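# Tertiary structure, described
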Number of protein chains: 2
Amino acid sequence: MNLSVAEENYVKAIYKLQEGDNVVSTNALAYELDTKPASVTDMAKKLKEKQVIDYEKYKGITLTAEGRKTALQIVRRHRLWECFLVEKLSFSWEEVHELAEELEHVRSEKLTNRLSEYLGNPLIDPHGDPIPDANGKITKPRPQTSLDQANAKRLVVTAVTDQSVSLLAFLNAKSIKLGTQLEIIAHYEYDNSIEIKIKNQPTLTISEQVAKHIMVRPV
Amino acid sequence: MNLSVAEENYVKAIYKLQEGDNVVSTNALAYELDTKPASVTDMAKKLKEKQVIDYEKYKGITLTAEGRKTALQIVRRHRLWECFLVEKLSFSWEEVHELAEELEHVRSEKLTNRLSEYLGNPLIDPHGDPIPDANGKITKPRPQTSLDQANAKRLVVTAVTDQSVSLLAFLNAKSIKLGTQLEIIAHYEYDNSIEIKIKNQPTLTISEQVAKHIMVRPV
DNA sequence: ATTATTATTTAGACAAATCTAAATAATTAA
DNA sequence: TTAATTATTTAGATTTGTCTAAATAATAAT
């Protein structure tokens, strides 16, 4: 299936919002892609025509098997480029998303596979998200919850679900990165804040707002 | 100056055809970009508006200082990616052009400079063409002639002026690559063929047709 | 079970980049 | 120096991806 860059971005966004097999609404997709619902409806018709999505008026969108395969290829390219930028070109964590957003649209299986090989066929990207292999097989992300809902005390950061520059810069400033181990000191319901402690650092207070984008698993 | 991918391709092509300061004709540009003269006229108006070219009806096209700067940035990115693909991902000589054609449009100075650094700030790309530095300074390609017009006997291959897959594959098959040293045994006028000898290889006969795309300099 | 609200779609328009066919300018040849 | 040829531009159309405003469907609230 030969898709334009715009179409690829739709497929990727649908994949992301589907999270398994949820039906994706026009509005949610418009919000995700920072566009208008009317534009989504237009594109939905095209993607249905190209058989990458199932779509019926007012019934929402899901990827076909073909569409899922395409999405996984895009995700694979994106995450491999992120690895490359961080590991080989010394970019920091929060800078790579936008660049990978462009690089991911160079569709060459050979390039993708060579890149993967060059990086040692990594299984997770710098944000902790799993990288699909050449056949589109993706390891289920390990059991993780957002920091605001964690019940264990000692945790390790596995991913960040909001790639906004502001959040990533904030985390950087607080020395919270992938693999950072932390301990929950207290969770204050009355002001929606969480007190955490990272080894060798002063105790930190963060909002639930931020915490819900930090994925962790017990350590 | 913020140019679209299409606009960047025009600027790059104009730079190539200008070769110093020649005026570029609508037809020549259309041929180079595999498009129609009418499309070139349309785009010329836009690029003039954006002040990257000088253009008057029926008078042809030249780059402005700004346009030249942009062209050199694109050329820089293109050639650095070619280096990366050949040196780091083990692509062969003739495969990299098309991929670099896409990668070159990711415009990030930081990425470009990091990539250059990572590659050891190379001065020439795998085709032997010089790579502009971060300021757009480009070393004049060393004195070279096409193989069919060379007068010296012992030569070294410095570049190939035709990036067609067929030619590059042919050269690959004959073990003619960048830096290959060769000797002219004979130049037969009557059938437009040239006999050459590469060390440790049987004598080879190639057509002038091919030879004129192989750039060499005396060694 | 109507009404109000929200979500989605349709209709019609626009910008970018291209095209074809026709018109016009520039160049070359007779 | 006219006529013929070639190069270039214009006019009008097309495709892709987007938009706004209006219409319609689905859902929630009274």
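All values reported here derive from a predicted model rather than from experimental measurement.

In the structure shown here, the tally under the stated rule is 20 salt bridges over all chains. Notably, a salt bridge pairs Arg154 of chain A with Glu183 of chain A, separated by 4.0 Å at the nearest N-O pair. With Arg154 of chain A in strand S4 (residues 154-160) and Glu183 of chain A in strand S5 (residues 181-188), this residue pair connects regions lying 29 residues apart in the sequence. When its relative accessible area of 48% is taken as the criterion, Arg154 of chain A is described as partly exposed. Glu183 of chain A sits in the partly exposed class, given a relative accessible area of 30%. Measuring nitrogen to oxygen at the nearest pair gives 2.9 Å for the salt bridge that ties Glu56 of chain B to Lys48 of chain B. By relative accessible area, Glu56 of chain B is classed as partly exposed at 47%. Within this structure, Glu8, Arg77 and Arg107 of chain A form a network of salt bridges that share partners.

What follows covers the protein's contact with DNA strand C. Within the structure, DNA strand C sits among 22 residues, and Tyr55 and Lys57 of chain A together with Ser4, Thr35 and Ser39 of chain B are positioned closest to it. Here the atoms of DNA strand C within 4 Å of the protein split so that 74% fall in sugar or phosphate, with bases taking the remainder. Within the contact set of DNA strand C, a phosphate oxygen lies 2.7 Å away from a side-chain nitrogen or oxygen of Lys57 of chain A. One of the side-chain nitrogen or oxygen atoms of Ser39 of chain B is found 2.5 Å away from a phosphate oxygen of DNA strand C. When contributions to the surface near DNA strand C are tallied by element, the ones reaching two or more residues are helix H2 (26-32) and helix H3 (37-49) of chain A together with helix H1 (5-18) and helix H3 (37-49) of chain B. Of all the elements, H3 of chain B adds the most residues to the surface near DNA strand C, at five residues. Residue composition of the surface near DNA strand C, grouped by class: nine nonpolar, seven polar and six charged.

Turning our eyes to something else, we now look at the interface of chain B and chain A. At the interface, 20 residues of chain B touch 20 residues of chain A. Counting each side, the surface lost to burial between chain B and chain A is near 1700 Å², with a carbon and sulfur contribution of 68%. The largest contributions to the chain B side of the interface with chain A come from Leu89, Arg114 and Tyr118 of chain B, which together make up 29% of the buried area. Our enumeration of links across chain B and chain A arrives at two salt bridges. For Lys110 of chain B, the salt bridge goes to Glu95 of chain A, with nearest N and O atoms at 2.3 Å. Here chain B and chain A share seven residue pairs in polar contact (both at pLDDT 80 or more) between them. Where the side of chain B that touches chain A is concerned, the elements lending two or more residues are helix H4 (65-87), helix H5 (96-103) and helix H6 (109-118) of chain B. Partitioning the side of chain B that touches chain A into residue classes produces 11 nonpolar, three polar and six charged.

The rules behind these values
- Residues numbered from 1 in each chain as written.
- Chains lettered and ligands numbered in written order.
- Predicted model: local features only at pLDDT ≥ 70, side-chain atom pairs only at ≥ 80, totals over all residues.
- Heavy atoms only, no water.
- Salt bridge = Lys/Arg side-chain N within 4 Å of Asp/Glu carboxyl O.
- Helix = DSSP H or I, 4+ residues; strand = E, 2+ residues; numbered from the N terminus.
- Buried < 20%, exposed > 50% of the residue type's maximum accessible area, 1.4 Å probe, protein only.
- Near = heavy atom within 4 Å.
- Polar contact = N/O pair within 3.5 Å; in protein donor to acceptor, adjacent residues only side chain to side chain.
- Nonpolar A, V, L, I, M, F, W, Y, C, P; charged D, E, K, R; others polar.
- Contact = heavy atoms within 4.5 Å.
- Buried area = accessible area lost by both parts, 1.4 Å probe.

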